[in-house]
Number of protein chains: 2
Amino acid sequence: MIRYPILRGTAGVKRPSTANRGMDLEAAINATNDYYAENDIAYIYKKPIPIQIVKVDYERRSAARISEAYYKIPSTTDYNGIYRGRYIDFEAKETKTKTAFPMKNIHEHQVLHLDHIVRHGGIGFIIVAFTTVGKTFLLDASHVVEFYRRADEGRKSIAYDEFERFGHEIPEGYIKRLDYLKIVDSVYFSQ
Amino acid sequence: MIRYPILRGTAGVKRPSTANRGMDLEAAINATNDYYAENDIAYIYKKPIPIQIVKVDYERRSAARISEAYYKIPSTTDYNGIYRGRYIDFEAKETKTKTAFPMKNIHEHQVLHLDHIVRHGGIGFIIVAFTTVGKTFLLDASHVVEFYRRADEGRKSIAYDEFERFGHEIPEGYIKRLDYLKIVDSVYFSQ
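Thresholds, definitions, all that
Residues numbered from 1 in each chain as written. Chains lettered and ligands numbered in written order. Predicted model: local features only at pLDDT ≥ 70, side-chain atom pairs only at ≥ 80, totals over all residues. Heavy atoms only, no water. Helix = DSSP H or I, 4+ residues; strand = E, 2+ residues; numbered from the N terminus. Contact = heavy atoms within 4.5 Å. Buried < 20%, exposed > 50% of the residue type's maximum accessible area, 1.4 Å probe, protein only. Pairing = 2+ DSSP bridges. Core = buried A, V, L, I, M, F, W, Y, C linked by side-chain atoms within 4.5 Å. Salt bridge = Lys/Arg side-chain N within 4 Å of Asp/Glu carboxyl O. Least-squares fit on C-alpha atoms with pLDDT ≥ 70 in both. Buried area = accessible area lost by both parts, 1.4 Å probe. Polar contact = N/O pair within 3.5 Å; in protein donor to acceptor, adjacent residues only side chain to side chain. Expected span 1.5 Å × (residues − 1). Arc of directions from axis to C-beta. Phe/Tyr/Trp six-rings, centres within 6.5 Å; stacked < 30°, edge-to-face > 60°. Lys NZ or Arg CZ within 6 Å of the ring centre and 35° of its normal.

Another aspect to go through is the environment of arginine 65 of chain A. Mapped onto the fold, arginine 65 of chain A is located in the loop between strand E2 (51–56) and strand E3 (66–71). Separated by 27 residues in the primary sequence, arginine 65 of chain A and alanine 92 of chain A have C-alpha atoms spaced 30 Å apart. Those residues within four positions of arginine 65 of chain A in sequence are excluded, and the remaining contacts are Lys55, Val56, Asp57 and Tyr58 of chain A together with Ser67, Glu68, Ala69 and Tyr70 of chain B.

Structure below.
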């Protein structure tokens, strides 16, 4: 029997590269969003990655080859869309740590972005997957803003316990791989 | 007196390149969105341009140089955001033609995107600037979808007259360069 290397969820096995880090959570969210869209539940999609284009080889845009470009620090979040008439916006991150989520994984502009969304009547949050622990949480933007401000005063992370206390665990499943709208229903639409 | 070449709004003068085509409308919308954000009226922003990345030179993402990439056909629109608690989504295009807006300027996925937005309770439209005529219109997504379907049957454009009939002219100004939310107020929030 061939034993393929297990790439995640095991402390002892090192992943071969960090290039695809975040792809598992991303794949789960994308599959879930496809399910939501196909069943007309919600329309939520991933934004393009922000790129600074420096050099393009041909003038005609349809045949253009970008030969020099760089990743930009994102000023918004990864995902946004619409659900039950409300604007939905979130950032999704994985972490291998067991005890805390390092704040450096979220950029200041993204926190400000979430704050803007909420102030104008939208729903904003982060989804953080603790891959070693095997649990994924939704944390409302108000807490993200609060914890981000606290980071200025020295605390550079959000403790796992704080996700358990202020966040909401997202159930994992087979078809709806990460049914976060179930949590959105109970947190933002109940009462 | 030196007469600088007038680059737009004159039929006889050819623009030196099409590379910046659309930048004037884009600049006007971006400046207007900045005004809206600074005055806490709305939070509407431009999405990154979708790029297909083929080759990246360094493994470490923070120092990565993208050395081969291509423009992708956009599957969503240029702008989205939130206003008075509602999801706002639109595509902005310029045309130099006087009589009609060619449908090829809008991709099928963008029309489907606008349709999704509207079906889930959002506000979707296109903004089209007729630069030679000097008028800019907002046209609701329902008409865009209708005219796009008609394009399958042979009509490949939306007539200028149809913008005057079904659309809404957007006033141009100095501080709020293109105050499209004034139109959004009257079209989507009145009654």
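For arginine 84 of chain A, which is not glycine, the phi dihedral falls at a positive 50 degrees. Take arginine 84 of chain A: it is sitting in the loop between strand E4 (79–83) and strand E5 (86–95). Residue aspartate 40 of chain B is not a glycine yet carries a positive backbone phi of 55 degrees. Position of aspartate 40 of chain B relative to the elements: it lies in the loop between helix H1 (23–38) and strand E1 (43–46). Of the residues examined, aspartate 40 of chain B reaches a relative accessible area of 42% and is grouped as partly exposed.

All names here are of chain A. Where burial is concerned, most of strand E7 (residues 123–130) is hidden: 8 out of the 8 residues are buried. Covered by surrounding structure in E7 are Ile123, Phe125, Ile127 and Ala129 together with Gly124, Ile126, Val128 and Phe130, the residues of both alternating faces. Two strands pair when backbone bridges link them, and E5 and E7 are joined in this way by 8 bridges, in the parallel orientation. Paired with phenylalanine 90 across the strands is phenylalanine 125, a residue of E7. Relative to strand E8 (residues 135–140), E7 is paired through 6 bridges, and the arrangement is antiparallel. Across the sheet, the residue bridging to alanine 129 is threonine 136, located in E8.

So, on to the nonpolar core. One finds Ile29, Phe90, Phe125, Ile127, Tyr180 and Val184 of chain A to be the most contacted residues of the largest nonpolar core, which totals 23 residues. Elements that contribute at least two residues to this core include exactly helix H1 (23–38), E4, E5, E7 and helix H5 (180–189) of chain A. For this core, the leading source of residues is H5 of chain A, giving 6 residues. In contact with tyrosine 180 of chain A, not counting residues within four places along its chain, are Ile29, Thr32, Asn33, Tyr36, Ile44, Phe90, Phe125, Ile127, Leu138 and Ile170 of chain A. Ranked by size, the runner-up nonpolar core spans 22 residues in total, among them Ile88, Phe125, Ile127 and Leu138 of chain B.

Moving on: the pattern of salt bridges. Per the counting criterion, the structure on display carries 17 salt bridges over all chains. The closest approach of N and O atoms between arginine 119 of chain B and aspartate 40 of chain A, which form a salt bridge, is 2.7 Å. You can see arginine 119 of chain B sitting in helix H2 (residues 108–119) and its partner aspartate 40 of chain A sitting in the loop between H1 and strand E1 (43–46), one on each of two chains. Its relative accessible area of 43% is what places arginine 119 of chain B among the partly exposed residues. In this structure, the salt-bridge partner of glutamate 169 of chain A is lysine 135 of chain A, at a minimum N-O distance of 3.8 Å. Taken together, the residues span a long stretch of sequence, with glutamate 169 of chain A in strand E10 (residues 168–169) and lysine 135 of chain A in strand E8 at a distance of 34 residues. On the accessibility criterion, lysine 135 of chain A (28% relative accessible area) is partly exposed. Taken together, the shared-partner salt bridges connect Asp40 of chain A together with Asp115 and Arg119 of chain B into one network.

A separate point is the relation of the copies chain B and chain A. The operation linking the two copies of the chain is a rotation about an axis combined with a translation along the axis. If you rotate chain B by 180 degrees and push it 0.0 Å along the axis, it lands on chain A with an RMSD of 0.0 Å. The transformation relating the two chain copies, once decomposed into turn and shift, fits a two-fold axis.

Moving on, we get to the interface of chain B and chain A. Contacts between the two partners involve 39 residues from chain B and, on the opposite side, 39 residues from chain A. Buried surface at the junction of chain B and chain A, both sides included, amounts to about 3,500 Å², of which 59% is carbon and sulfur. The largest share of the area that chain B buries against chain A comes from Tyr43, Tyr71 and His120 of chain B, three residues that together contribute 21% of it. Seen at the junction of chain B and chain A, the total is 12 residue pairs in polar contact (both at pLDDT 80 or more).

All right, on to helix H2 (residues 108–119) of chain A then. With 12 residues, H2 of chain A ought to run about 16 Å at 1.5 Å a step, and its terminal C-alpha atoms sit 17 Å apart, in line with that. Within H2 of chain A the residues assigned to the buried category are Gln110, Val111, His113, Leu114 and Ile117 of chain A. Down the axis of H2 of chain A, the smallest arc covering the buried residues is 155 degrees, so these residues share one side. Structurally, H2 of chain A contributes buried residues whose contacts are with E5, E7 and helix H3 (141–152) of chain A together with E1 and strand E4 (79–83) of chain B. Glycine 121 of chain A occupies a position one or two residues after H2 of chain A and carries a positive phi of about 100 degrees.

End to end, H3 of chain A covers 17 Å across 12 residues, agreeing with the expected 16 Å (1.5 Å per residue, within 8%). Contacts made by the buried residues of H3 of chain A are with H2, E7, E8, strand E9 (157–159) and helix H4 (160–166) of chain A.

All names here are of chain A. One pass over the structure, following the stated rule, counts 33 aromatic pairs over all chains. Aromatic pair tyrosine 43 and tyrosine 45: ring centres 5.4 Å apart, planes at 40 degrees, arrangement tilted. On the basis of relative accessible area, tyrosine 43 is assigned to the buried category, the value being 10%. An aromatic cluster of three or more residues is present, and its members are Tyr35, Tyr36, Tyr79, Phe90, Phe125, Tyr180 and Tyr188. A cation over an aromatic ring shows up here: arginine 86 above the ring of phenylalanine 189, its NZ or CZ 5.8 Å from the ring centre.

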